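Below are the chains, spelled out letter by letter.
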Amino acid sequence: MPDVPSFAVDDGFWYSVPEHLAAQVSIGSLVRVPLSGRRVRGWVVEIGDAPARSLKDVAGVSGEAPIFDEGLFRSLVWMSTHYVAPLSVLLSKATPPNLPRAPKTIPEHPGGESGDHPLGDIA
């Protein structure tokens, strides 16, 4: 779904994902896509088998983590319908100004057992 504030793009467009970007693209990914001779920001809202025709490639992926999951996307679609707003406008408002990084694993507590944590006794 390209970032164009219009109802005309609410159905989105199909793009192919190049092999070198395949591992980085998932539902909710922020991407750059070609549209009318320019590159625009867009969101991946569906992944599936594309129609049997020539498609333009996704130009790049912005950020390391998806912006939304399927549940949040369904909520945004509902809001778009309920408030009669272009879906791309709601996706834009739901996108943080700073791109998220991939979640890091939480390191183990350096003090040993989890029960040894100074805040472990607080109930």
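Residues numbered from 1 in each chain as written. Predicted model: local features only at pLDDT ≥ 70, side-chain atom pairs only at ≥ 80, totals over all residues. Heavy atoms only, no water.

> I'm lost on the side chain of threonine 95 in this one. Help?
Within the secondary structure, threonine 95 sits in the segment after helix 2 (87–94). Within polar-contact distance, the side chain of threonine 95 engages the backbone oxygen of leucine 91 at 2.7 Å. With residues up to four places along the chain from it excluded, the contact list for threonine 95 reads Leu30, Arg41, Trp43 and Ile67. (Helix = DSSP H or I, 4+ residues; strand = E, 2+ residues; numbered from the N terminus. Polar contact = N/O pair within 3.5 Å; in protein donor to acceptor, adjacent residues only side chain to side chain. Contact = heavy atoms within 4.5 Å.)

> Is there a simple way to think about the pairing of strand 1 (residues 30–35) in this case?
Side-chain positions along a regular strand alternate between the two faces of the sheet. With six bridges connecting them, strand 1 and strand 2 (residues 38–43) associate as antiparallel partners. Within the sheet, the bridge partner assigned to arginine 32 lies in strand 2 and is arginine 41. (Pairing = 2+ DSSP bridges.)

> Can you walk me through the packing of aromatic side chains in this structure?
In this description, an aromatic ring pair is defined by two values, namely the gap between the centres and the angle between the planes. Inspection of the entire model under this criterion finds two aromatic pairs. Note on phenylalanine 68 and phenylalanine 73: the rings are 5.7 Å apart at their centroids and 20° apart in plane angle, and the pair reads as stacked. Comparing phenylalanine 68 with phenylalanine 73, the two get one shared label, buried. Centre to centre, the rings of tryptophan 78 and tyrosine 83 are 6.3 Å apart; their planes meet at 85°, and the pair counts as edge-to-face. The exposure class of tyrosine 83 is exposed, given its relative accessible area of 57%. (Phe/Tyr/Trp six-rings, centres within 6.5 Å; stacked < 30°, edge-to-face > 60°. Buried < 20%, exposed > 50% of the residue type's maximum accessible area, 1.4 Å probe, protein only.)

> Could you clarify how one ought to interpret the environment of glutamine 24 in this entry?
Structurally, glutamine 24 is set in the segment before strand 1. For the pair formed by glutamine 24 and glycine 60, sequence separation is 36 residues and the distance between their alpha carbons is 9.5 Å.

> What is the right way to look at the sheet that holds strand 1 in this model?
Strand pairing in a sheet relies on backbone hydrogen bonds, with the paired strands running either antiparallel or parallel. Taken in spatial order, the three strands line up as 2-1-3 in an open sheet, and their pairing is antiparallel. The sheet terminates laterally at strand 2 and strand 3 (60–62), the two strands that pair on one side only. Ignoring which end each strand starts from, the neighbouring axes of this sheet average 40° apart. With three bridges connecting them, strand 1 and strand 3 associate as antiparallel partners. By the bridge assignment, arginine 32 is partnered in strand 3 with glycine 60. (Axes fitted to C-alpha atoms, helices over the stretch in contact; angles between N-to-C directions.)

> When you look at unusual backbone geometry in this model, what are you seeing that I'm missing?
For residues that are not glycine, phi is negative in most cases, and the peptide bond is trans in most cases. For serine 36, which is not glycine, the phi dihedral falls at a positive 55°. Among the structural elements, serine 36 can be located in the loop between strand 1 and strand 2. Residue class for serine 36 comes out exposed when judged on its relative accessible area of 67%. Of note, valine 84 is a non-glycine position whose phi angle comes to about 50°, a positive value. In this structure, valine 84 sits in the loop between helix 1 (70–82) and helix 2. Classification of valine 84 by relative accessible area gives exposed; the value is 61%.

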